[in-house]
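Observations on the model geometry
Residues per chain are reported as follows:
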Amino acid sequence: MEARFVLPIGFAILSLNTPLCILLSCDPALEQAVRFLPGQQRAFCVPYCLFIFGCNLAADIIFLCSWQIQIGGIVPLYALTAAAFALSSAIGAVLLEWYCPIRGWKIESDLWHHPRKYLVPAVMLLLAALVSMC
């Protein structure tokens, strides 16, 4: 298949970062401390978003390098697409974690298998389909 069809789908799949996307949900004491202090929405969410963005972008860069080695033909537009997907998925993950944290879990396995972790990648896959068609 052509790169313009496959690469966005790869970027969407790589947006699945379960351990990074449940930072507040897995530690109720941290969540309480972050929400209790004034101004923490910006002080916490912006660095958290940048951290997830960096992790997503690193995975996308490895994917692009692998694509270049195996198939070739990477153009700057694909790098911009990778950055856009990494940023979009990071923003989505942070918004979900801030506004809809996972509560009521008994064991950590409940967090790891919660369906919410698939919400951002599912939206990214729909976005990938739209990008591929354009």
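Presented here is an overview of the structure given in this document. Quick caveat, the model's predicted, so the values are computed rather than measured.

For the protein, the helix and strand inventory stands at six helices and zero strands. The order of α-helices and β-strands along the protein, N terminus first, is α-α-α-α-α-α. For the C-alpha atoms alone, the extent of the protein along its principal axes is close to 50 × 30 × 25 Å. Residue burial in the protein is summarised as follows: out of 134 residues, 34% are buried. Contacts in the protein between residues at least 24 apart in sequence constitute 83% of all its contacts with a sequence separation of at least 6. Looking at the protein as shown, the accessible area adds up to about 8000 Å², and 74% of this sits on carbon and sulfur atoms. Averaged over its 7 positive side-chain charges, the protein has a centre that lies 6 Å from the centre of its 7 negative ones.

Residues Leu87, Ile91, Leu95 and Tyr99 make up a contiguous nonpolar surface patch of roughly 380 Å² in combined accessible area. For tyrosine 99, the position within the fold is in helix α4 (residues 76–99). Look at tyrosine 99 and you get exposed, because its relative accessible area is 54%.

This part is about the state of the cysteines. All told, the structure shown has zero disulfides when counted by the stated rule. This cysteine, cysteine 45, is not joined by any disulfide, and cysteine 49 carries the nearest cysteine sulfur, 8.5 Å off. A relative accessible area of 13% places cysteine 45 in the buried class. Cysteine 100 carries a free sulfur, and the closest cysteine sulfur to it, the one in cysteine 45, is 12 Å from it. Looking at cysteine 100, the relative accessible area reads 42%, which means it is partly exposed.

So, how was this worked out
Residues numbered from 1 in each chain as written. Predicted model: local features only at pLDDT ≥ 70, side-chain atom pairs only at ≥ 80, totals over all residues. Heavy atoms only, no water. Helix = DSSP H or I, 4+ residues; strand = E, 2+ residues; numbered from the N terminus. Buried < 20%, exposed > 50% of the residue type's maximum accessible area, 1.4 Å probe, protein only. Contact = heavy atoms within 4.5 Å. Areas by Shrake-Rupley, 256 points an atom, 1.4 Å probe, with all protein chains shown as cover. Lys, Arg positive; Asp, Glu negative; His and termini not counted. Charge placed at Lys NZ, Arg CZ, Asp CG, Glu CD. Patch = residues over 30% accessible without salt bridge, like charges linked within 9 Å, V, L, I, M, F, W, Y side chains within 5 Å. Salt bridge = Lys/Arg side-chain N within 4 Å of Asp/Glu carboxyl O. Disulfide = S-S within 2.5 Å.

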